[in-house]
Amino acid sequence: MNSSSPAPLLQAATGGLGTRRPDDPELVAWIDDSIALCRPEQVFYCDGSDAEDEFLLAEACRLGVLTRLDPQKLPGCYYHRSAQNDVARVEQLTFICTPTAEQAGPTNHWTEPGEMRSKLRGMFAGSMRGRTMFVVPYLMGPPGSPLAKVGVELTDSIYVVLNMRKVTRMGETALRHLQQLRRLRLNDAIKSDFPLFNRGLHSMLDLDPARRFICHFPQDNEILSVGSGYGGNVLLGKKCFSLRVGSYLAQSQGWMAEHMLLLAAESPEGEQHYIAAAFPSACGKTNFAMMIPPARFAGWKIRTIGDDIAWMQPGPDGRLWAVNPESGYFGVIPGTNSGTNPNAVATISRDTIYTNVALLEDEGDVWWEGKDGPVPARCADWRGEPWTPELGTKAAHPNSRFTSPMRNNPALAPEADEARGVPISAIIFGGRRGDTVPLVYQSRDWTHGVFLGATMASETTAAAAGAVGQVRRDPMAMLPFCGYHMGDYFAHWLEMANGLEQPPLIFGVNWFRRDTAGKFLWPGFGENMRVLKWIIDRCEGRADGNETAIGIVPRREDFDLAGMTDFSEENFRRLTTVDAAEWNRELDAQGELFASLGAHLPAELAAEREQLRQRLLVPAADGSPSDDAVELLSP
Ligand code: GTP
Ligand code: SPV
Ligand code: MN
């Protein structure tokens with residue numbers, strides 16, 4: 001299935017839907033230029049109404065882009081198969097086009113903007129002949145928030161439109177916000193050429209990977225995307241605008257755009273904490289943000305504010321305040337069940353687009369590896385091929401995804417719509433590491449916390465095209481998403497502390513440490529509440545920890561393991577062990593990234609690394625967490 005088929009949608013057929021042109025002059029001029037370039041057969045202006053959604057869903061079914069699932073079992077749910085060569089973000093084909101290569105830095109692919117622009121203009125020329133161009137205005141951030149921003153995506157994919165409607169506040173809301181921004185600029189006579197909205201132009205072309213490019217022009221607030229129809233490559237409000245362009249804007253304007261979930265934790269006594277956590281793609285953000293604590297923690301309420309992106313800025317009270325710019329989830333499906341993530345199961349039971357999972361025989365229901373219930377005797381796999389368990393292949397693509405509005409989430413925090421956001425108590429950095437990194441540890445202070453985030457690494461996952469399971473540095477989980485020089489990004493993190501009288505405490509976590517047989521040592525999911533509890537206790541000054549070379553790990557007495565079956569004290573010891581030999585290897589691996597940043601690497605971080613090297617040479621005084629270090633370092 002692809003969504004490129006020409007279709008006579010408009011006028012009489014739509015009863016007026018799709019015909020209302022916006023009136024912002026800058027917007028209209030850009031749309032008209034893009035029409036002249038792409039030559040669509042017709043242009044559909046989205047307003048975000050329910051009537052429009054209904055119409056476009058029916059249209060997508062008529063075109064074969066979506067299949068409607070059983071409305072009794074899965075009300076408002078639809079099925080989509082992407083092209084087989086277009087199933088994930090493509091980091092190799094993602095570019096930051098700044099005037100100089102140095103501005104993009106060594107961790108990004110770079111091309112000179114003029115060169116890239118003319119290459120892409122050639123590809124866009126006539127690319128929408130016989131197709132519909134959809135004009136998709138969207139707002140990132142709660143309406144009225146000082147952090148909220150407007151983008152407009154022009155796309156020839158009806159699938160993109162229907163996804164953007166779920167993950168962003170799409171339509172009239174965005175145009176109203178743009179109008180306010182325009183008025184402010186005129187009233188305050190602000191002389192600025194910087195476009196008031198992000199311009200995103202997307203064409204699937206013929207979905208040929210040889211003509212696939214995801215290009216960002218941060219200084220022009222512009223994104224050009226061709227040749228893909230999938231996820232982060234094309235839902236331009238998400239990674240492209242909110243993170244790559246967003247991080248550039250954040251640096252120049254003194255705020256932060258981060259690849260972080262946001263959750264609210266309320267204790268039985270009514271104590272509130274807001275937590276932000278950066279884990280790389282497919283490393284557990286959605287699951288952590290929707291977590292349901294085990295019985296031991298009866299009375300605790302964990303609520304979701306966001307599951308992927310946080311925009312944060314210092315508030316007048318000296319705390320760091322955060323909003324979730326999104327309004328829905330584009331979440332990993334495999335492994336989702338009522339044991340791992342009951343809130344996600346409820347969220348995707350209606351109003352959801354399922355992409356690249358398996359389709360059951362009656363075509364009214366879907367299946368994926370790790371779903372509740374029995375494995376089907378047969379189904380059609382994500383490619384549409386007949387599948388039986390004996391084949392031994394995956395029926396659902398490992399990066400198959402659900403797209404659902406956040407209002408479906410039973411654990412949604414009401415604060416998700418609050419314009420001023422929420423004040424953050426703690427920031428957590430976490431990766432997928434089979435060894436080395438303990439279950440949880442705390443940095444000594446902000447600078448050490450920035451070092452912790454800057455040096456994190458994680459095994460690659462199916463969320464991006466390429467090899468899976470390879471450990472790579474992924475600073476702050478932003479390696480694929482930072483829109484400028486990574487060294488300058490670190491400096492920006494360090495600078496943010498100046499505006500913060502009460503900076504969040506910074507922690508590292510790792511749910512994925514394995515035993516020698518390759519089994520996860522930690523049960524994860526809801527049990528991660530135990531780690532969260534220790535973190536909150538540290539914020540409140542209630543729990544103690546042991547100093548190690550890399551930071552503070554929990555003392556056994558201060559970590560709640562009550563009610564855990566199948567979990568041994570020995571496992572806890574292994575999970576909190578800091579092995580000097582492993583960390584010396586880690587230190588070396590960190591060096592490669594740091595060296596690549598050259599003069600852009602902040603001296604503070606080089607100094608942190610040197611201090612870590614020194615500490616790894618000295619066994620801890622109490623001997624406990626550094627037992628192994630003592631053994632390994634004795635002559
Ligand atoms: P993106 O949407 O790509 O940014 O991913 P994410 O960070 O939101 O990851 P998500 O929560 O969707 O989890 C990705 C995969 O990790 C799923 O297969 C989960 O089942 C698995 N996972 C999540 N949390 C845990 C955990 O605590 N332990 C273990 N073992 N696996 C987990
Ligand atoms: C990620 O890869 O971090 C995602 C999925 O959240 S995508 O929207 O494709 O970037
Ligand atoms: Mn993500």
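The structure contained in this document is the topic of the report that follows. (Residues numbered from 1 in each chain as written. Chains lettered and ligands numbered in written order. Predicted model: local features only at pLDDT ≥ 70, side-chain atom pairs only at ≥ 80, totals over all residues. Heavy atoms only, no water.)

Checked against the element boundaries, Asp 70 lands in the loop between β2 (67-68) and β3 (78-80). Each C-alpha atom, one on Asp 70 and one on Val 332, is 22 Å from the other, the two residues being 262 residues apart in sequence. What Asp 70 contacts, discounting residues up to four positions off in sequence, is Pro 75 and Gly 364. (Helix = DSSP H or I, 4+ residues; strand = E, 2+ residues; numbered from the N terminus. Contact = heavy atoms within 4.5 Å.)

A few words on the coordination of the manganese ion (ligand 3). Taken together, Lys 239 (NZ), His 259 (NE2) and Asp 308 (OD) make up the protein donors of the manganese ion (ligand 3), found 2.0 to 2.6 Å from the metal. The coordination sphere of the manganese ion (ligand 3) comprises six donor atoms, whose angles at the metal cover 62 to 169 degrees; the geometry is irregular. Summarised as a motif, the one-chain spacing of the donors to the manganese ion (ligand 3) is K-x19-H-x48-D. With a gap of 69 residues between them, Lys 239 in helix α7 (residues 237-253) and Asp 308 in the loop between β15 (301-306) and β16 (310-314) connect regions that are remote in the sequence. In this structure, Lys 239 and Asp 308 share a single accessibility class: buried. (Donors = N, O, S within 2.8 Å, 3.2 Å for Na, K, Ca; no water. Tetrahedral: all angles 85-135°; square planar, octahedral: opposite > 155°, others 65-115°. Buried < 20%, exposed > 50% of the residue type's maximum accessible area, 1.4 Å probe, protein only.)

The next subject is empty space enclosed by the protein. A probe matching the size of a water molecule, rolled over the atoms, marks out where space remains unfilled. Across all of its chains, the model carries four cavities of 30 Å³ or more by this definition. By volume, the largest cavity is sized at about 190 Å³. Around the largest cavity, the lining comprises 19 residues; the ones closest to its centre are Tyr 441, Leu 452, Thr 455, Met 456 and Trp 583. Broken down by secondary-structure element, the contributors of at least two residues to the lining of the largest cavity are β26 (426-430), α10 (446-454), β30 (505-509) and α14 (580-596). The class makeup of the residues in the lining of the largest cavity is eleven nonpolar, six polar and two charged. (1 Å grid on protein atoms, 1.4 Å probe; cavity = no way out; pocket = protein on both sides within 12 Å on 5 of 7 lines; lining within 4 Å. Points joined across faces, edges and corners; volume = space filled by probe spheres on them. Nonpolar A, V, L, I, M, F, W, Y, C, P; charged D, E, K, R; others polar.)

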